[in-house]
Amino acid sequence: MINDLRVKLENVKQRIERAANRSGRTASDVTLVAVSKTVNIETVNRAYELGICDFGENRCADLHTKQETLPGARWHMIGRLQTNKVKDIVGKAWLIHSLDRWNLAEELDKRGSLLDMDVPALLQVNISGEEQKAGIDQGDVAEFLDSAGQLKKVKIWGFMTIAPLLEDGEQARPVFQELAQLKKKHSDKKYANVDLKYLSMGMSQDFEVAIEEGANIVRVGGAIFS
Ligand SMILES: *Cc1c(COP(=O)(O)O)cnc(C)c1O
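Thresholds applied
- Residues numbered from 1 in each chain as written.
- Predicted model: local features only at pLDDT ≥ 70, side-chain atom pairs only at ≥ 80, totals over all residues.
- Heavy atoms only, no water.
- Near = heavy atom within 4 Å.
- Polar contact = N/O pair within 3.5 Å; in protein donor to acceptor, adjacent residues only side chain to side chain.
- Areas by Shrake-Rupley, 256 points an atom, 1.4 Å probe, with all protein chains shown as cover.
- Patch = residues over 30% accessible without salt bridge, like charges linked within 9 Å, V, L, I, M, F, W, Y side chains within 5 Å.
- Salt bridge = Lys/Arg side-chain N within 4 Å of Asp/Glu carboxyl O.
- Helix = DSSP H or I, 4+ residues; strand = E, 2+ residues; numbered from the N terminus.
- Buried < 20%, exposed > 50% of the residue type's maximum accessible area, 1.4 Å probe, protein only.
- Arc of directions from axis to C-beta.
- Contact = heavy atoms within 4.5 Å.
- Phe/Tyr/Trp six-rings, centres within 6.5 Å; stacked < 30°, edge-to-face > 60°.
- Lys NZ or Arg CZ within 6 Å of the ring centre and 35° of its normal.
- Core = buried A, V, L, I, M, F, W, Y, C linked by side-chain atoms within 4.5 Å.
- Pairing = 2+ DSSP bridges.
- Right-handed = clockwise from strand over helix to strand, strands pointing away.

S.K.: Before we move on, could you go through the site of the ligand and cite the residues and values that matter?
M.R.: In the neighbourhood of the ligand, the contacting residues comprise V35, K37, I78, I162, M203, S204, R219, V220, G221 and G222. One of the side-chain nitrogen or oxygen atoms of S204 is found 2.5 Å away from an oxygen atom of the ligand. Between the ligand and G222 there is a distance of 2.8 Å, counted from an oxygen atom to a backbone nitrogen or oxygen. Surface burial for the ligand is 80%, taken as the share of its 390 Å² of free accessible area covered by protein chains.

Structure (structure tokens):
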């Protein structure tokens, strides 16, 4: 088992490195978030011992318990976040990838203010326009970033998107290109509480394509843990 995990991790890391090289970068420019939502804490611990320090969870309760067991890792909230779970996540998640509506930003800000801690988050953008997908519309991004100046503790560190599940990762390329364009477009502007340093895009089936298009955070589950 441990060897198996080691082999899969090595394989994913190599593929990240090659894709980074193809985009004129190195592996160290890309953060691998190992999405551990399907595995238990023992497996997380093994991955941590093998050098992985970023883990992603899509449920608050799981992130909360795993974070308490392994506080030395950086925990990423990647799933839809209900407003009433905000209290469980602020101070536990190193980065929230799924900020997808203004009232969630306000709730995160309240909690951050109460605990007097910054709450770094990525704006989740629904590039593909699929109705069932979370995320704000591209057309609403500018207004959201403008409004971020009203917040005290929430800091917008970039964008996240989920590409539609297609037969072939290559087909997701236009989605990644659009998110990269969006980052470029807004990076020159000065928004308070906004520092667009991260692009979180790419999963097991398409992370190499995402890196080629500029991703510097990839969220990989199955290719490591299944
Ligand atoms: C589960 C999940 C992933 C990882 O998906 P894999 O296909 O297992 O790599 C990435 N991002 C989000 C938001 C997820 O929910």
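From this point, things continue past the structure.
S.K.: Break down a nonpolar patch on the surface for me, citing the residues and quoting the values.
M.R.: A cluster of nonpolar side chains, namely L114, L115 and M117, defines an oily patch on the protein surface of about 270 Å² accessible area. Tracing the backbone through its elements, the reader meets L115 in helix α5 (residues 102-115). We classify L115 as partly exposed; its relative accessible area is 36%.

S.K.: Any chance you could break down helix α2 (residues 41-49) for me, citing the residues and the numbers?
M.R.: Among the residues of α2, those classed as buried are I41, T43, V44 and A47. The buried residues of α2 occupy an angular sector of 155° when projected down its axis, which confines them to one face. Downstream of α2 by a residue or two, G51 has a phi angle that is positive, lying close to 105°.

S.K.: Now, about unusual backbone geometry: what can you tell me, with residues and values included?
M.R.: Glycine aside, residues mostly have negative phi angles, and peptide bonds mostly take the trans form. The phi dihedral of D116 falls on the positive side, at around 50°, and the residue is not glycine. Along the chain, D116 falls in the loop between α5 and β5 (119-124). Looking at D116, the relative accessible area reads 58%, which means it is exposed. The phi angle at N193 is positive, at roughly 70°, despite the residue not being glycine. Mapped onto the elements, N193 comes out in the loop between α7 (173-187) and β7 (194-200).

S.K.: How would you explain the side chain of S98 if you had to name every residue and give the values?
M.R.: Its location among the elements puts S98 in strand β4 (residues 95-99). The buried category is assigned to S98, whose relative accessible area is 0%. Of note is the side chain of S98, whose polar atom sits 2.6 Å from the backbone oxygen of G79. Discounting chain neighbours no more than four positions away, the residues touching S98 are M77, I78, G79, L81, L104, L122 and Q124.

S.K.: Give me the pattern of salt bridges: which residues, what numbers.
M.R.: Scanning the model with the defined rule gives 15 salt bridges in all. A salt bridge links K8 to D4; the nearest nitrogen and oxygen atoms lie 3.6 Å apart. Taken together, the residues K8 and D4, both in helix α1 (residues 2-22) and 4 residues apart, mark about one turn of the helix. Given the relative accessible area of 22%, K8 is considered partly exposed. Classification of D4 by relative accessible area gives partly exposed; the value is 38%. The residue K66 makes a salt bridge to E57 at a minimum N-O spacing of 2.8 Å.

S.K.: Residue-level account of the packing of aromatic side chains, with values.
M.R.: Per the counting criterion, the structure on display carries 4 aromatic pairs. Plain terms: the ring middles of W157 and Y198 are 6.2 Å apart, the flat faces sit at 50° to each other, and that makes the pair tilted. Placement of W157 in strand β6 (residues 154-160) and of Y198 in strand β7 is noted, with a sequence separation of 41 residues between them. Clustering of aromatic rings is evident, with ring pairs tying together W94, W157 and Y198. In this structure, R74 is placed above the aromatic ring of W94, and the distance from its NZ or CZ to the ring centre is 3.9 Å.

S.K.: Pulling in residues and values, what's your account of the nonpolar core?
M.R.: Counting residues in hydrophobic clusters, the biggest one holds 67 residues, and the most contacted among them are F55, I89, L99, L108, I156 and F159. If you tally residues by element for this core, the top one is α1, at 6 residues. Core analysis: the second largest hydrophobic core is formed by 7 residues, V33, L122, Y198 and I217 among them.

S.K.: Summarise the pairing of β4; cite the residues concerned and give the values.
M.R.: For β4, the tally of buried residues reaches 5 of 5 residues, placing the bulk of the element in the interior. Note that strand β3 (residues 74-77) and β4 share 2 bridges and pair parallel. Residue pairing for β4: H76 is matched across the bridge by L95. As paired elements, β4 and β5 share 2 bridges and run parallel to each other. Paired with L99 across the bridge in β5 is L123. The parallel pair β4 and β5 is bridged by α5, and the resulting crossover is right-handed.

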